[in-house]
Amino acid sequence: SATAALKVLAGTCEGRAQIIAARAIPSLVKILSNGSLQGQAMAAGVLECLASNDADNQVEIIDCGGVKPLVSLLARGDTQVHAQASATLESLVAGRPELALSVIEAGGLDPLVKSLAHGDRGTQVSATRALHSMAACPKSLAAIGS
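It should be emphasised that the depicted structure is a prediction, and the values quoted were computed from it without experimental measurement.

The biggest cluster of nonpolar side chains holds 37 residues, and the ones touching the most others in it are L28, L47, V67, L89, L92, L112 and M134. Those elements that provide at least two residues to this core are helix 3 (25–34), helix 4 (37–51), helix 5 (55–63), helix 6 (67–74), helix 7 (79–93), helix 8 (100–105), helix 9 (109–118) and helix 10 (121–135). Counting residues per element, this core draws most heavily on helix 4, which supplies seven residues. The residues contacting L28, other than those within four sequence positions of it, are L6, I19, A43, V46, L47 and L50.

As structure tokens, then:
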């Protein structure tokens, strides 16, 4: 599928640059809500790669509405989709605690906390890292504490 090809492409710096140049983030965000289960997991994976250590891409994914569908995917029963959504949320807030409020406002706090007890090991690690990054922002820390 096209999203699987993008996932492979997103694994390289040049590939990520091509995906960004093609302005693919809005389309990938749409797939999170409307794609097949496999398409959703692949789109989340591409977004994870794009968000990793890239402040501009983190903000663009959030501005395109990517957080809410990722949070919705955390509630899905599919382990692969759940794990990928958790990892993508981790990449969105890693090193950028001020972006954590978007995850909290989208209802992501409770599903991330539940992932600590009910997710597989990879999901638990991603959820822990996301919550750790979120806790670095005083406003989000207040929400986590409530």
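Turning our attention to the pattern of salt bridges. If the charged atoms of two oppositely charged side chains come close together, the side chains can form a pair. Within this structure, the stated rule accounts for two salt bridges. Residue R129 pairs with E90 through a salt bridge whose shortest N-O separation is 3.8 Å. Residue R129 is located in helix 10, and its partner E90 is located in helix 7; the two are separated by 39 residues in the primary sequence. The exposure class assigned to E90 is buried, which follows from its relative accessible area of 16%.

Attention now goes to the environment of A5. For A5, the position within the fold is in helix 1 (residues 2–9). Sequence separation between A5 and D120 is 115 residues, and the spatial gap between their C-alpha atoms is 26 Å.

With that out of the way, let us pick up helix 6. Buried residues dominate helix 6, accounting for six of its eight residues. When helix 6 is considered as a whole, its buried residues turn out to be V67, P69, L70, V71, L73 and L74. Residues of helix 6 that are buried in the fold lie against helix 3, helix 4, helix 5, helix 7, helix 8 and helix 9.

Okay, the packing of helix 9 against helix 10 next. One way to put it is that helix 9 packs onto helix 10 with a least axis distance of 8 Å and a crossing angle of 135°. The angle between the axes of helix 9 and helix 10 places the two elements in the oblique class. When you trace helix 9 past helix 10, the crossing you get is left-handed. Residues L109, L112, V113, S115, L116 and A117 of helix 9 touch helix 10, and the partners they reach there are T123, Q124, A127, T128, A130, L131 and M134. Per-class residue counts for the contact of helix 9 with helix 10 are nine nonpolar, four polar and no charged.

Rules used in this analysis
Residues numbered from 1 in each chain as written. Predicted model: local features only at pLDDT ≥ 70, side-chain atom pairs only at ≥ 80, totals over all residues. Heavy atoms only, no water. Core = buried A, V, L, I, M, F, W, Y, C linked by side-chain atoms within 4.5 Å. Buried < 20%, exposed > 50% of the residue type's maximum accessible area, 1.4 Å probe, protein only. Helix = DSSP H or I, 4+ residues; strand = E, 2+ residues; numbered from the N terminus. Contact = heavy atoms within 4.5 Å. Salt bridge = Lys/Arg side-chain N within 4 Å of Asp/Glu carboxyl O. Axes fitted to C-alpha atoms, helices over the stretch in contact; angles between N-to-C directions. Parallel < 35°, antiparallel > 145°, perpendicular 65-115°, else oblique. Left-handed = near helix turned anticlockwise from the far one by under 90°. Nonpolar A, V, L, I, M, F, W, Y, C, P; charged D, E, K, R; others polar.

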